[in-house]
Amino acid sequence: MRRSRRERRRERATLRALTSSALALFGAAGRASADTAIDHIETSYSFSTYSEDKLESSKTLPGGERTRYEISTQQASLAAPITDWFDMSMQLTHETMSGASPWYNTQDAAGTPIQIMSGATIQDTRNDLALHGNYYTEQGRLGFGGGYSTENDYTAMNFGTDGELHFNEKNTTLSGGLGLSLDTLTPTDSDLYPLRPKEESKQSYSTFVGLGQIINRRSLIQGSFSYKWDKGYLSDPYKEVFRIGDHHYGDDRGGSRHQFAFLVRYNRHIEETESTIHLSYQYYLDTWGVSSHMAELDWYQNFGDAIQIAPHVRYYSQTAADFYIPYLRLKQIPQPGTRMSSDYRLSAYGALSFGVKGEYAFHTPWFRDIEWRAHLSVERYLSSGDLSLSAVSVPAPGLVSFTVLSAGLAVVF
Amino acid sequence: MRVSRGVGVLALAIASLFSQSGCATLGQTWDDWFGEMKLPDFPAFDEYTESPKSYVEIALEHDFLVRVKPWERSVLARHDMAWDPDELEAARRSHTFFSKEATMPGGSAGGGGCGCN
């Protein structure tokens, strides 16, 4: 009797499990069990739209621009085994962005900060290519990769290497990596806006180390510490700080930022209900004075082999950067070289996001050996001062809320 | 003659029934069955009380830390037990949060920058 593709795949998964630590940490393809090269070709495509809510009329000048950003994203990936101990993967991203973005703040009659948007004239596309290769040995994995991302006004090149070492009979995995990103900014319309630089550059050096442990046959835990040093032009060339009385200053965040992140992730499968829970928590700290907490719960509920419904909820809260200022008062004249930014992303706020994803796995009557997985997902993100862990007296007027819709198809050969 | 053939067939049928039901007495003896099992060697009492080794060392030496054997990992190898079951979605969400929040995503090194308005 001919066995179904699914049965054979399950067998293969079991076979893989026999040789796997099921603990891969951050492979290019984000696979969990990775101490052998992947054994099949997998390709996927996804289309998503990101749209930000209109700015509330009370948070800008009457008649001011209120529409915000829209992004449509297309992603494609391909992962393939090259030999038994070597595999490669590739990810392509194409994004088109349009709309208006927060420019600077001023105050209304009551002295509350209000947001002034740029005109809805931004039109940009971003193309991103990322490549990653993995070399596997008995004791671990060595990965290397690079990427190139280009926009009209921004080019980024990155290189990285990462690896894993298994020990304790492959129940414990030590992982680590090093990364480097070289970015070049060429802000548009710098001749029209004298505060914008013509060309600037930025470098990022990053590293992480993580430890993963199999707790028992249905749960895993992993902790990691990441560090990144950003150096160079870190300001936002499209944002300004407004001093009441019609004077504008350029966004200035200084030339260095050290960032530290501690992340803990826990996965557990519940066989009785066919569900898998993912829990994660991250604490973040940087030398700009920002600290943040992030907690997320993902619930993957399976209904048989074909259908999976996965709701998730994520909470985030950050403190403001030391130099965040909505606007300067009339007599507040900054010394040259003073760091300051009116960017709402550097203000104190909290955010709640929730969403659900449905996935359907199927086979067609032809090419029965190929497995298809189609998904649809929606995510809603809300941010406000009220959601912050610490009290925020004057929340930034530009805080964003957005909705992401996504559809995709993955093919496993 | 005919009767004895009938008995033979019956005996065969019964034997095949038992062999299918996994009766170990047919073909294999109980002794063999247990002979393949290896009982763990429990350490002598003295090793706990008189050894200068730490408890961690003792635990490691005697395999007391729970280790999941390779053949017990079918659940851990599930697709939804991956840290990021959908890599494209994970990349997109990570990029979105990175560009809208003042926090870098942990657990990895590198990644491309962006203008991110």
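Residues numbered from 1 in each chain as written. Chains lettered and ligands numbered in written order. Predicted model: local features only at pLDDT ≥ 70, side-chain atom pairs only at ≥ 80, totals over all residues.

From N to C terminus, chain A includes one helix and 20 strands. Taken against the 2.2 N^0.38 rule, which gives 22 Å for 413 residues, the C-alpha radius of gyration of chain A at 24 Å falls within 12% of a compact globule. The principal-axis extent of the C-alpha atoms belonging to chain A is close to 80 × 40 × 40 Å. Buried residues in chain A amount to 42% of all 413 residues. Contacts in chain A between residues far apart in sequence, at least 24 positions, make up 60% of those at least 6 positions apart. (Helix = DSSP H or I, 4+ residues; strand = E, 2+ residues; numbered from the N terminus. Rg over C-alpha atoms; globule rule 2.2 N^0.38 Å. Buried ≥ 20, exposed ≤ 12 C-beta atoms within 10 Å, placed from the backbone. Contact = placed C-beta atoms within 7 Å.)

Further remarks concern the overall build of chain B. Helix and strand content of chain B: five helices and zero strands. Along chain B, from the amino end to the carboxyl end, the secondary structure elements read α-α-α-α-α.

Interface size is commonly expressed as the accessible surface area that is lost when the partners come together. Counting residues at the interface gives 40 residues for chain B, matched by 82 residues for chain A. Residues belonging to the side of chain B that touches chain A are distributed by class as follows: 17 nonpolar, 12 polar and 11 charged. (Nonpolar A, V, L, I, M, F, W, Y, C, P; charged D, E, K, R; others polar.)

So, on to the confidence of the model for chain A. All names here are of chain A. On average, residues of chain A score 88 in pLDDT, and 92% of them are at 70 or above. When pLDDT is averaged over each helix and strand of chain A, the minimum, 48, is found for helix 1 (residues 5-19) and the maximum, 97, for strand 17 (residues 307-318). Across residues 13-33, confidence stays below pLDDT 50; counting only partners more than four residues off in sequence or on other chains, it has 74 contacts. (pLDDT = per-residue confidence, 0-100.)

Residue and element names in this part refer to chain A. One ladder, built from five bridges, connects strand 4 (residues 102-107) with strand 5 (residues 113-117); its direction is antiparallel. Residue pairing for strand 5: Thr 106 is matched across the bridge by Ile 114. What sits between strand 4 and strand 5 in their antiparallel hairpin is a turn of five residues, with Gly 111 showing a positive phi close to 85°. (Pairing = 2+ DSSP bridges.)

Residues and elements named next belong to chain A. Of note, Glu 169 is a non-glycine position whose phi angle comes to about 50°, a positive value. Of note, Glu 169 is situated in the loop between strand 8 (154-167) and strand 9 (172-185). In this structure Glu 169 comes out as partly exposed when scored by C-beta crowding, with 14 C-beta atoms within 10 Å. The phi dihedral of Glu 274 is positive, around 55°, even though this residue is not glycine. Mapping Glu 274 onto the fold places it in the loop between strand 14 (256-270) and strand 15 (275-286).

This next bit is on the nonpolar core. In terms of nonpolar packing, the biggest core is built from 35 residues, with A:Val241, A:Ala321, A:Leu346 and A:Tyr349 touching the most fellow members. If we skip the residues at most four places from it in the chain, A:Val241 touches A:Tyr104, A:Tyr249, A:Asp251, A:Ile325, A:Tyr327, A:Leu328, A:Met340, A:Ser341 and A:Ser342. Counting residues in each nonpolar core, the second largest holds nine residues, with A:Ile214, B:Leu76, B:Ala77 and B:Trp83 among its members. (Core = buried A, V, L, I, M, F, W, Y, C linked by C-beta atoms within 7 Å.)

Residue and element names in this part refer to chain A. Position of Asp 298 among the secondary structure elements: in strand 16 (residues 291-303). Classification of Asp 298 by C-beta neighbours within 10 Å gives buried; the count is 20. Considering only alpha carbons, one finds Asp 298 and Ser 353, 55 residues apart in sequence, at a separation of 12 Å. Discounting chain neighbours no more than four positions away, the residues touching Asp 298 are His 278, Ala 310 and His 312.

The next thing to look at is helix 5 (residues 87-100) of chain B. With 14 residues, helix 5 of chain B should reach 20 Å at 1.5 Å per residue; the first-to-last C-alpha distance of 20 Å fits that figure. Among the residues of helix 5 of chain B, those classed as buried are B:Glu87, B:Leu88, B:Glu89, B:Ala91, B:Arg92, B:Arg93, B:His95, B:Thr96 and B:Lys100. (Expected span 1.5 Å × (residues − 1).)

Locating A:Gln91 in the fold gives a position in strand 3 (residues 86-99). Considered as a pair, A:Gln91 and A:Gly179 are 88 residues apart in the sequence and their alpha carbons are 18 Å apart. Aside from chain neighbours lying at most four places away, what touches A:Gln91 is A:Gln75, A:Ser77, A:Ala130 and B:Ala91.

Residues and elements named next belong to chain A. The topology assignment puts Glu 359 in strand 18 (residues 349-362). Its 22 C-beta neighbours within 10 Å are what place Glu 359 among the buried residues. Residues within four places of Glu 359 in sequence aside, it is in contact with Gln 308, Arg 373 and His 375.

All names here are of chain B. On average, residues of chain B score 70 in pLDDT, and 45% of them are at 70 or above. Mean pLDDT values over the elements of chain B span from 52, in helix 3 (residues 45-50), up to 92, in helix 5. Reported confidences for the modelled complex are a pTM of 0.80 and an ipTM of 0.88.

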